[in-house]
Every structure is written in structure tokens, then in C-alpha cells.
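Structural features, examined
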Amino acid sequence: MSTMAVPDIAVAPVDEGFWTRSRKVGLTLLGLGLLAAVLFGALATNQQARFTLSDDAAGAALEINGTIGAILFGIIAIAAGAALLAGVPKRWFIAVLGIGLVGFVLSFLCWQVSAAPAGQNFMPLVNIIRGTFILALPLIFGALAGVLCERSGVVNVAIEGQLLMGAFSGALFGSISGSVWVGLVAAALGGAFISLLLAVFAIRYLVDQVVMGIVLNLLAVGVTGFLYERLMQTDAAKYNSAPRFSNWEIPLLKDIPVLGPALFRGNIFLYLGLLLVLVIHIGLFRTRWGLRTRSVGEHPIAADTLGVKVLRVRYRNVLLAGVVAGIGGASYTLALYSFTKNMIGGKGFIALAALIFGRWNPTGALLAALFFGFADQLATYLGAISSSIPSQFLAMLPYLATILAVAGLVGRVRAPAADGKPYIKG
């Protein structure tokens, strides 16, 4: 069989009247822009807000008066909101929305940077970008694992457990062997083990997939916690001292201003994460495997009728998702930290949110993960400059944005039609 078509499902158009989603978003953005121009402009100081093109205060910098910058970028957000409210063509919606949100964020930063104590009124862009990607890495791998499962029709709530088992296996076997590569393979197998259990119980025995995912997360927490106390705590030198992947510098690219030091002087997990986004995106939308995967996730009966082995595709993709998530867990223990109990700390659920925010698309999941990573990094930065805004409030913002996205404020969010629905071959 060389070709296969998935039947289209007719959807009746919805008459939204004057208050379309675009106009609702425009009104919201208009309000945010007014808040930025008025409030942030009033709170900002006349000190220069410096955005340095390095990882410290030295070197070249982009500078703007704090008050002027806060007002100016607030006006840009207002203009973007007004454009959406007036009704821009759909093809321009994302671009105009992005410009407005960036304007709001820059207005906020002009206020915060200019109001920082003397000697701290600068933002090192290289450090911010590098930190954003580091914090987003487990989310990128976790969200990609979710894409692979849910595009195949299997809900993957077990991302947390897959990341945790990958982190533990990488630390344990990397320490015993003294090899980062052995640790990386073990991490992939650890994540695949959790995925195997998910696949068997959800696909073969038709257990509720959400419940099964929660159970597997608890299993991973229990098993890794028990072995951590019995092995790693008693002899950390032998069982919890895995070697680390060193940073790899890419010639020429590393010398690009700002992006070079931030992105092209990283470890294998950074490069592998970005490569996987590209490979999975191309695979899903440009290959026969991707067509079959999407058909199984959207209309498994039609796919089966055309000769696609539905259960085989689901088993394969769920296992592959575990491998990806396991490698994501290793980005902790083979690059940054030693293993500790429950060290993932809910990142798997944030990755699940990034998956939804990114609309089950690898590229969208990447952007959503970077958004979460930026929010975390921004909270760290504002804490370092003694901001008056509690970091806890900033930590809430990505979740609020996810709720708004899932609620449909920025467009319809629809999971694959067969997601979470077991398939019984007739």
C-alpha cells in the first residue's frame, strides 16, 4: 500500500457575530497595553534600562530610558490590540498577537530593569536565553513524548514518571559504569519501561489511560525513592556520581552575537532536543509513518480498513515516546545535578500543559516549552535584582496563559479525535 487517505470530517461553521476570538483577544491586549503604558510607565525611572549582549554587565548593550521604553512598548501593545479589535486577516493574527505580547513584556522589563538598584539595572541577554533553554529542556523532551503518544490516540499523563525514571536510570548506571553514554542509554530504557507499562495496560487491557498515567507516576516516585534511599544515600560516590556531558562548541555558529554563546556552546541535550523537534515535525507531516500515526489518532477505524496496524502503531509510538522522555530526564542527572528524590518536581505535568498549549504540534510544543522556561528564568532574574514583585506571581503566569489557551481564547484547541479512546479490533 503506497497511499492512504484519511476522511475529512465536516464541521459546521460557527457564527461568532461581532465578538470573534480575534476581537476578544484584541480587547484583552488593548487593556494590557494601557496597563503597561500607564502603570509601568509611571513606575519606571529615568535610569537607562540596559540589555547587554553578553552574560554580564560588560560589553555592548541596547539602552533605553526606562520611562520612555515602558510607555513606548506599551503603545506598541495598544496598537496591536487595536489592530486585532479592528479585525485583521486571520493569516496575520499570530504575528500581530506576538508583537503585542512582546511589547507588553518589554514594557514590563523596562520598568523592572530601570528601577533595579544601582549597578544591577541591566539584563544579560545571553544569560537569559541560555537559562531559558536549559530550564525548557525537560519540557521540550516531555512535550515531544506527549506528541508521539497523543497523535497516536494514547493519552500520556505518565510524562512525569518517564522523566523521573530516565533521570534515575541515567544517574545510577552512569555512576556504576563511569560512562555518560551508558547512562544515556539507561535513561532511554528507563523511560521506555514506564511507557511499556502504559502501552500494555492502556492498549492491551483497556485500562483508563489517565488513571494509568497517574498510577505510573506514583510507581516511578516510589521505586526511585526507595532505591535512592537504599543505594544512593548510602554510597553516593558509587551510585550517584555520574559523569557529566561537557559543552560542545559549534565552530562559526558560536561566534554569532547573543545567540552564539547562548545556543551553540551547549551540551548534547540542547542540540538533541532541537533536532528531535525538527525530525518529529517532518516525520509527522511529511512521511508515511506520520500519516499513519495521525490517521490512527484521528480515525483508527478508517485506518484499520485501509490496512494500517492500529495497535502496532500505538505500541511503537508509545515506546518511542518513553525513550524521548527518558533522555529528557537524563538532561538533569547527566548534565546538571545529582539525583534526588522526586527531582522532576512536576515538570512532566508542565510538559503536558506545553503540549496542549502547543496544539499537539512539535513546533508549537517547543515554543510553549520556551515560554515556560522564559517565565522561570525571568523569575530567577527578578529575584536577583531584588524586584518588588514576588517571584511566585511570575511563576503563575504560564499556567494562566495555558488555561486561557485551553479555554479557546487564542483559538480553538482540539486534541486528536481518538485521543484517549481504546481501539478494539472488530
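All values derive from a computational prediction rather than experimental measurement.

This part is about the overall build of the protein. A tally of regular secondary structure across the protein gives 16 helices and five strands. Relative to the 2.2 N^0.38 estimate, which gives 22 Å for 426 residues, the radius of gyration of the protein is 23 Å and therefore close to what a compact globule would have. Dimensions of the protein, computed from C-alpha atoms along their principal axes, come out at roughly 70 × 65 × 40 Å. Taken across its 426 residues, the protein has 49% of its residues classed as buried. For the protein, restricting intrachain contacts to residue pairs at least 6 apart in sequence, the fraction spanning at least 24 positions comes to 77%. A total of about 19,700 Å² of accessible surface is found on the protein, and carbon and sulfur atoms cover 69% of it. Looking at charge distribution, the protein has the averaged site of its 29 positive side-chain charges lying 8 Å from that of its 17 negative ones.

A separate point is the domain arrangement of the protein. Entries for the protein in the domain assignment read domain 1 (21-115) and domain 2 (126-371). A straight line from the C-alpha centre of domain 1 to that of domain 2 covers 34 Å. Considering only the surface of domain 1 that becomes buried against domain 2, Leu 53, Ser 54 and Asp 55 emerge as the three largest contributors, covering 93% of it. Summed over the shared surface of domain 1 and domain 2, the number is zero salt bridges. Remark: the boundary between domain 1 and domain 2 carries one residue pair in polar contact (both at pLDDT 80 or more). In terms of residue class, the side of domain 1 that touches domain 2 is made up of one nonpolar, two polar and one charged.

So, on to the packing of aromatic side chains. Per the counting criterion, the structure on display carries twelve aromatic pairs. Where Phe 168 meets Phe 339, the ring centres are 5.3 Å apart and the plane angle is 70 degrees; that geometry is what we call edge-to-face. On the criterion of sequence distance, the pair formed by Phe 168 in helix H5 (residues 159-177) and Phe 339 in the loop between helix H13 (310-333) and helix H14 (347-357) is long-range, its members being 171 residues apart. Residue class for Phe 168 comes out buried when judged on its relative accessible area of 3%.

Relative to each other, helix H4 (residues 125-150) and H14 sit at 60 degrees, their axes nearing to 8 Å. If you check the angle between H4 and H14, you find them oblique. Like other packed secondary-structure pairs, H4 and H14 cross with a definite hand, here right-handed. The residues of H14 that touch H4, namely those facing Leu 139, Gly 142, Ala 143, Gly 146, Val 147 and Glu 150, are Lys 347, Ile 350, Ala 351, Leu 352, Ala 354 and Leu 355.

Formed by 77 residues in total, the largest nonpolar core has its most connected members in Met 232, Phe 269 and Phe 339. Counting residues per element, this core draws most heavily on H4, which supplies 13 residues. Look past the residues within four positions of Phe 269 in its chain and what remains in contact with it is Leu 137, Phe 141, Leu 184, Phe 245, Ile 327, Ala 330, Ser 331, Leu 334 and Ala 335. Core analysis: the next-biggest nonpolar cluster, separate from the first, contains 24 residues, Phe 104, Leu 109, Ala 116 and Leu 394 among them.

Before going further, it helps to spend a moment on the sheet that holds strand E3 (residues 122-124). What the three strands build is an open sheet, ordered E2-E1-E3; its pairing is mixed. Of all strands in the sheet, those with a lone pairing partner are strand E2 (61-65) and E3, marking the two edges. Strand-to-strand twist in this sheet, taken as the mean axis angle between neighbours without regard to direction, amounts to 15 degrees. Relative to E2, strand E1 (residues 48-52) is paired through five bridges, and the arrangement is antiparallel. Within E2, the residue paired with Gln 48 across the bridge is Asn 65. Against the sheet, H4 engages E1 and E3, with an angle of about 50 degrees to E3.

This next bit is on unusual backbone geometry. Residue Leu 206 is not a glycine yet carries a positive backbone phi of 60 degrees. Among the structural elements, Leu 206 can be located in the loop between helix H6 (180-204) and helix H7 (209-232).

Our next topic: H7. In this model, H7 (24 residues) spans 32 Å end to end at C-alpha, consistent with the 34 Å of a helix rising 1.5 Å per residue. Every buried residue of H7 is accounted for by Gln 209, Met 212, Gly 213, Leu 216, Asn 217, Ala 220, Thr 224, Gly 225, Tyr 228 and Met 232. Residues of H7 that are buried sit in contact with H5, H6, helix H8 (236-239) and H14. A side-chain oxygen of the first residue of H7 lies 3.1 Å from the backbone nitrogen of Val 210; this N-cap is Asp 208.

What counts, and where the lines are drawn
Residue indices begin from 1 for each chain and proceed along its sequence in written order. Two thresholds apply to this predicted model, a pLDDT of at least 70 for residue-level local features and 80 or more for giving and counting side-chain atom pairs, whereas whole-chain, interface and lining totals are computed over all residues. The side-chain numbers reported here are obtained from all heavy atoms of the structure, hydrogens and water having been left aside. The secondary structure listing takes helices from DSSP runs of H or I that are at least 4 residues long and strands from runs of E that are at least 2 residues long, numbered from the N terminus. Two things to know: the radius of gyration comes from C-alpha atoms, and the globule rule equals 2.2 Å times the number of residues to the power 0.38. Only protein chains enter the accessibility calculation, which uses a 1.4 Å probe; a residue is then buried when its area is under 20% of its type maximum, exposed when over 50%, and partly exposed in between. Throughout, a residue-residue contact means that at least one pair of heavy atoms, one from each residue, lies within 4.5 Å. The Shrake-Rupley method, run with a 1.4 Å probe, gives the accessible areas here. Residue values count only the displayed protein chains as cover. Counted charges follow a simple rule, with Lys and Arg positive, Asp and Glu negative, and His plus the chain ends left uncounted. Charged groups are reduced to one reference atom each: NZ for lysine, CZ for arginine, CG for aspartic acid, CD for glutamic acid. Residue ranges for the domains trace back to a domain assignment, done automatically or taken from a database. The term buried area denotes the loss of accessible surface (1.4 Å probe radius) that occurs when two parts are joined, taken as the sum for both partners. For this document, the term salt bridge refers to a Lys or Arg side-chain nitrogen within 4 Å of an Asp or Glu carboxyl oxygen. Whenever a nitrogen or oxygen atom comes within 3.5 Å of another N or O atom, the pair is scored as a polar contact, on the condition that within protein one atom can donate a hydrogen and the other can accept it, and that pairs from neighbouring residues in sequence are kept only if both atoms are in side chains. Under the scheme applied, nonpolar residues are Ala, Val, Leu, Ile, Met, Phe, Trp, Tyr, Cys and Pro; charged residues are Asp, Glu, Lys and Arg; polar residues are all the others, including Gly. A pair of Phe, Tyr and Trp rings is counted when the ring centres sit within 6.5 Å of each other, with Trp represented by its six-membered ring. The angle between the planes then sorts it: under 30 degrees is stacked, over 60 is edge-to-face, the rest tilted. Axis definition: a line fit to C-alpha positions, over the contact stretch in the case of helices; interaxial angles, taken between N-to-C directions, run 0 to 180 degrees. Working rule for angles: under 35 degrees goes down as roughly parallel, over 145 as roughly antiparallel, 65 to 115 as roughly perpendicular, anything else as oblique. In this scheme, a crossing is called left-handed if the near helix is turned counterclockwise away from the far one by less than a right angle; it is called right-handed if the turn is clockwise. Throughout this description, the term nonpolar core refers to a set of buried Ala, Val, Leu, Ile, Met, Phe, Trp, Tyr and Cys residues connected via side-chain atoms within 4.5 Å. DSSP calls a pair of strands paired once it identifies at least 2 bridges connecting them. The span you would expect from a helix comes to 1.5 Å times its residue count less one.

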